[in-house]
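Working through the structure, step by step
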Amino acid sequence: MTPPPQGASTARPSTQATTRRGFLGLVGLTAAAGVLSACSPPGTPRPGTGGATAAAGDKLKALTPAFVPFDAIKPDLPGTRSTLPGVPDISGGFSSYPADPVPALTRKAGRGGSYKAMTPLWGPPPPGLASNSYFQAVNADIGATLEFQITDGVTYVDKAIARLAARDIPDLMCIPNWEIDKMADFNKAVDQAFEDLTPYLQGDRVKAYPLLANLPTAAWQWSIWNGKLMGVPYPTEPFPYALLYRKDLFDENGWNQNPRTADELYRLGKEITDAKAKRWAFGDIHEMAWPIFKVPQEWRYEGGKLIHKYETPEWELMLEWMRKLFAEGLIHPSVAGSKGANEKELIGAGQILVYRDGLGGWKELLQQHRPKNPGFALGVLPVFAHDGGTPIMYHNTAAGLFTFIRKGTPKAQVEELLSILDWCAAPYGTKEYELANYGVKGKHFTLGSDGVPKLTDLGTKEVAYTYGFLGGRPLYVDWPFPDAAKANLAWQNATFPYIEKTPFDGIRIQRPGKYAGLQVPTEDKFTDIMRGRRPVSDAKQIAAEWRRDGGDEARAFYLKVLRDNGRA
Amino acid sequence: MNAASWAERPSLIGRTGKAVVLTAIVVAVVFPVYMVVLTSLSTQEAVTRAGGLVTVPGEMSFAAYEELFAGGVVTRAVLVSLGVTVAGTFISLTVTTLAAYGLSRPGSLLHRPLLFLVLLTFLFGPGLIPKYLVVSGLGLIDSYWSLILPVAVTAFNLVVTRAFFLSIPGEVTDSARVDGASEFTILRRIVLPMSRGVIAVIGLLYAVGYWNAFFDAVLYLNDTAKWPLQLVLRQYVYQGQSMFVGQSADAAAAGRSLPPNLAIQMSIVVIALVPVLFVYPFVQRHFTKGVLIGAVKG
């Protein structure tokens, strides 16, 4: 990855980022797959070892499109331009909705073609193209007819696999990264099903599509399969999750909002839990206990050996600490008792005070509760290490989803489709983004008193997140709550320097299926320890079972990847 | 209760015991339904205060139902589901009874190998991709037929029906034949009227199957306007639960990303439950009889 041109970034590089330039030699991407699949929908990864591959960053470098920032939009809350290999940017944010969005493109994107696009949806389906004025309006602006084949996001992988196997491929097909992880042999399928985009986008050729050229290089590197640029990436934010807390209640009671060690967090939990008042300190925060105890995100390379997180002493410390939280009743009983408790409902009701969630949960809760409870506020606990030392934090893969073009599409149509994806990649603050996300002003949405778009009844019925899945765009924090947006970005920027470096930075790996399939059953066993159903001393045995059932095989695979890349 | 004259009157303790046990069972069944219905009728504040399912009635509102039925998507899906259920059940019953009758006649051509093939499907499912290939090869993608034809016959129902037909005494059909009835007439005029119980039962099984199915629709229907109720309701349940971990900005967040409040989720459960709840009592009296006879007299 070449460093972004000086002064050209849409987000001003923070001082922390500049100290990281030394790591530029190690170009690449880290598999945050463990993190992703921990949150993925039901349906464990399919067994089978097919599809496990790795490609080194150096080989990827030559394939990626040039990076040309789109300068018309400047976020007023600065982010951090990532110079860490494979780590997503913090794009920055806006404390208010731009009153006058700028047009991103001057010419029509489409040339009158008609295309079908398959996208996921987590929400009620909108009416189809024929009876949907939103789709019609957006298509008119694009200058082509896109018809969406909206598919249930939770079972998306099943349909995607069936269509890939049957060679029943739509013109544009979105596939989330976590679903690709579940597909054995995706490496073969991708060649047979989708068009190679390298000749259209490599290097300076991307400049024909200025908004695609605005996508971060790290995200493009994730779009490479078998030495070819196969899809258009949807970039991510760096952090998978954080510890969110009820700031309003903390302020009111004067509780400690800055615990610096695991013990301080535990003592905070003791202080604020009051079962009689139906108030518990925590939801199930074990995934945040991992970085607190400095458990590696996945593997650690030490003394010529690869050690998996389950085998580290830190992992056992984490288990012991979590077990204490469960045993002493600091975790809400309906969370501790079942897997189905809705922690968002519980924190909204003030029955839990600290929980683990993606930063997006913050916005959702504010949207849900602020209208009726203006004092409702959340905060995010600063990262810390269990012993008060230097903290670590995990990071996401650089792309979360890809859009592919059907193989065999004629050149002129590929160019039109890329031009349409370019339109869809228009970032926050542009006319195109506004139209794609909210529809036509005055018809599908109006600006509220706070200047933020609000869907009308027609908009609620017709507008669905569809064009947004095509292509990707820098992710700005665009919340209608300036206080929270500022606090969010402050936390992200402050946490960025602590992102953990992994042995595989610079290597794009698709996890072997058997190894991926081990995760859920193994972590279920560790859950038994945390919840006091098995002694902590069983941890070693569980790790041994994991090694026997495929862990050692995976270790050999990953070690070979390191050797092949001259790192072991 | 008409106890047989020789039977002792049950003791008070015995009767109290029975009452307690039965009450406990009824409460265990009814209470969750009560919570679901109550939550679906509660306001957001009441749900928030409860921190989950509502057990004590607070402020009530039909807002959840209004939101579901506003916009016409759910209403349309109800019609689709009703259509698929009615047509599907009719087709399934027709095909199943015809096949079961044929397979129950000892003289039918190749009936043993055919029965063997049917039984084989008990053991081996076709798998997702082969099924998709067949459906797409027949040109059924995006057609309502894709929800009916692949599941039109269930081996279990076929076997139960066949067993029931076998239990009809041969003398009855023989006498009809002597009177000059054709096989079709025998089926229509003699066998089917004697088999109302089993037909009611498998009809209910088929209907519930069609009503609850969502996965075939996920696979075969690209046009959301054709989605059946269960799939649409599922989408409401998963609203806002995008798998974009850590992406606060815009994925699945175009203005209506609010996670469904519990009231909406519970009203969905109610909507999905009601039709089955209504039909069940009418078929219930056949239920035990039909299945038991079919199962015991193999």
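Residues numbered from 1 in each chain as written. Chains lettered and ligands numbered in written order. Predicted model: local features only at pLDDT ≥ 70, side-chain atom pairs only at ≥ 80, totals over all residues. Heavy atoms only, no water.

When you go through chain A residue by residue, the secondary structure sums to 22 helices and 17 strands. Residues classed as buried in chain A amount to 64% of the 568 residues present. In chain A, the share of contacts with a sequence separation of at least 24, taken over all contacts with a separation of at least 6, comes to 79%. Looking at chain A as shown, the accessible area adds up to about 19400 Å², and 52% of this sits on carbon and sulfur atoms. (Helix = DSSP H or I, 4+ residues; strand = E, 2+ residues; numbered from the N terminus. Buried < 20%, exposed > 50% of the residue type's maximum accessible area, 1.4 Å probe, protein only. Contact = heavy atoms within 4.5 Å. Areas by Shrake-Rupley, 256 points an atom, 1.4 Å probe, with all protein chains shown as cover.)

What follows is about the overall build of chain B. Helix and strand content of chain B: 14 helices and zero strands. Each helix (α) and strand (β) of chain B, taken in turn from the N terminus, gives the series α-α-α-α-α-α-α-α-α-α-α-α-α-α. When each of the 298 residues of chain B is scored for burial, the buried share is 43%. In chain B, the proportion of contacts linking residues at least 24 apart, taken out of those at least 6 apart, comes to 72%. Counting only carbon and sulfur atoms, one obtains 71% of the accessible surface of chain B, whose full area is about 15700 Å².

With that settled, the discussion passes to the UniProt feature "transmembrane region" (unreviewed entry) in chain B. Residues and elements named next belong to chain B. The feature "transmembrane region" (unreviewed entry), as annotated in UniProt, sits at residues 20-41, 77-102, 114-133, 145-165, 198-221 and 262-283 in this numbering. Helix makes up 95% of residues 20-41 and strand 0%. Its end C-alpha atoms lie 30 Å apart. Across residues 114-133, the secondary structure splits into 80% helix and 0% strand, with the terminal C-alpha atoms separated by 24 Å. (UniProt positions renumbered as here; feature names shortened; annotations may be inferred.)

Right, let's talk about helix H5 (residues 111-123) of chain B for a bit. It helps to recall that an α-helix has 3.6 residues per turn; residues three or four apart then point in one direction. If you check H5 of chain B, its first and last C-alpha atoms are 19 Å apart, about what 13 residues at 1.5 Å a residue would give, namely 18 Å. Check the buried side of H5 of chain B and you find it contacts helix H4 (73-104) and helix H8 (155-166) of chain B. (Expected span 1.5 Å × (residues − 1).)

Okay, helix H4 (residues 133-142) of chain A next. Residue and element names in this part refer to chain A. Along H4, the residues that are buried comprise Ser-133, Tyr-134, Phe-135, Val-138, Asn-139 and Ile-142. The secondary structure elements touched by the buried residues of H4 are strand S3 (145-152), helix H17 (411-424), helix H18 (431-438) and helix H19 (457-462). Residue Gly-143 follows H4 closely and has a positive phi angle near 90 degrees.

As a further point, take the packing of helix H11 (residues 262-272) of chain A against helix H13 (residues 313-327) of chain A. Residue and element names in this part refer to chain A. Put simply, H11 and H13 touch, their axes get as near as 11 Å, and they point 5 degrees apart. The orientation of H11 with respect to H13, classified from their angle, is roughly parallel. Residue-level inspection shows Ala-262, Asp-263, Leu-265 and Tyr-266 of H11 in contact with H13, the latter providing Trp-321, Lys-324 and Leu-325. (Axes fitted to C-alpha atoms, helices over the stretch in contact; angles between N-to-C directions. Parallel < 35°, antiparallel > 145°, perpendicular 65-115°, else oblique.)

Residue and element names in this part refer to chain A. Taken in spatial order, the four strands make up an open sheet running S9-S12-S8-S13, and their pairing is mixed. Each of the sheet's edge strands pairs with one partner strand only, and the pair in question is strand S9 (280-282) and strand S13 (378-380). The mean angle between the axes of side-by-side strands here comes to 25 degrees, regardless of whether they run parallel or antiparallel. In this structure, strand S8 (residues 242-246) lies alongside S13, joined through three bridges in antiparallel fashion. Each bridged residue has a counterpart across the sheet, and for Arg-246 the counterpart in S13 is Leu-378. (Pairing = 2+ DSSP bridges.)

Bringing the sheet that holds strand S7 (residues 231-235) of chain A into the picture now. All names here are of chain A. What the five strands build is an open sheet, ordered S3-S2-S4-S14-S7; its pairing is mixed. Two strands in the sheet have a free side with no partner beyond their single neighbour: S3 and S7. Along the sheet, successive strands turn relative to each other by an average axial angle of 20 degrees, direction set aside.

Now for the environment of Arg-15 of chain B. All names here are of chain B. Turning to its location among the elements, Arg-15 is positioned in helix H1 (residues 12-40). When its relative accessible area of 38% is taken as the criterion, Arg-15 is described as partly exposed. In this structure, Arg-15 is in contact with Arg-9 and Pro-10, ignoring residues within four places of it in sequence.

Attention now goes to the pattern of salt bridges. Residues and elements named next belong to chain A. Under the criterion given, the structure shown has 32 salt bridges over all chains. Two residues, Asp-168 and Arg-163, come together in a salt bridge whose shortest N-O distance is 3.6 Å. Residue classification places Asp-168 among the partly exposed positions, given a relative accessible area of 22%. The salt bridge involving Arg-356 is made with Glu-287; its shortest N-O contact spans 3.2 Å. Here Arg-356 is found in strand S12 (residues 352-357), whereas its partner Glu-287 is found in helix H12 (residues 286-292), with 69 residues between them in sequence. Accessibility assignment for this pair places Arg-356 and Glu-287 in one class, buried. One continuous salt-bridge network, built from bridges that share partners, spans Glu-311, Arg-547, Asp-552 and Arg-555. (Salt bridge = Lys/Arg side-chain N within 4 Å of Asp/Glu carboxyl O.)

Residues and elements named next belong to chain A. For the coordinates displayed, the defined rule picks out 41 aromatic pairs over all chains. Residues Trp-225 and Phe-402 carry aromatic rings whose centres are separated by 5.1 Å and whose planes lie at 80 degrees to one another, so their mutual orientation is edge-to-face. In this pair, Trp-225 is assigned in strand S5 (residues 224-225) and Phe-402 in strand S14 (residues 399-405), connecting sequence segments 177 residues apart. Both residues of the pair, Trp-225 and Phe-402, count as buried. For the pair Phe-293 and Trp-321, a centre-to-centre distance of 5.5 Å together with 50 degrees between the ring planes defines the contact as tilted. (Phe/Tyr/Trp six-rings, centres within 6.5 Å; stacked < 30°, edge-to-face > 60°.)

Another point: the confidence of the model for chain B. All names here are of chain B. With 86% of its residues at a pLDDT of 70 or more, chain B has an overall mean of 82. Here residues 243-259 is a poorly scored stretch, pLDDT under 50, and it has 73 contacts once near neighbours within four places are set aside; other chains count. Every residue in residues 294-298 is under pLDDT 50, and counting partners more than four places away or in other chains gives five contacts. (pLDDT = per-residue confidence, 0-100.)

Counting 146 residues, the largest nonpolar core has Phe-186, Phe-194, Leu-201, Leu-212, Phe-404, Leu-418 and Tyr-467 of chain A as its most contacted members. Top element by residues in this core is H4 of chain B. It accounts for nine residues. (Core = buried A, V, L, I, M, F, W, Y, C linked by side-chain atoms within 4.5 Å.)

All names here are of chain A. Packing of helix H21 (residues 513-530) against helix H22 (residues 538-564) leaves a shortest axis separation of 10 Å and a crossing angle of 165 degrees. Taken together, the axes of H21 and H22 lie roughly antiparallel to each other. Once H21 is placed against H22, the crossing between them reads as left-handed. On the side of H21, the interface is formed by Lys-514, Tyr-515, Leu-518, Thr-522, Lys-525, Phe-526 and Ile-529, while H22 contributes Asp-538, Ala-539, Ile-542, Ala-543, Glu-545, Trp-546, Asp-549, Gly-550, Gly-551, Glu-553, Ala-554 and Tyr-558. A class-by-class count of the residues in the contact of H21 with H22 yields ten nonpolar, three polar and six charged. (Left-handed = near helix turned anticlockwise from the far one by under 90°. Nonpolar A, V, L, I, M, F, W, Y, C, P; charged D, E, K, R; others polar.)

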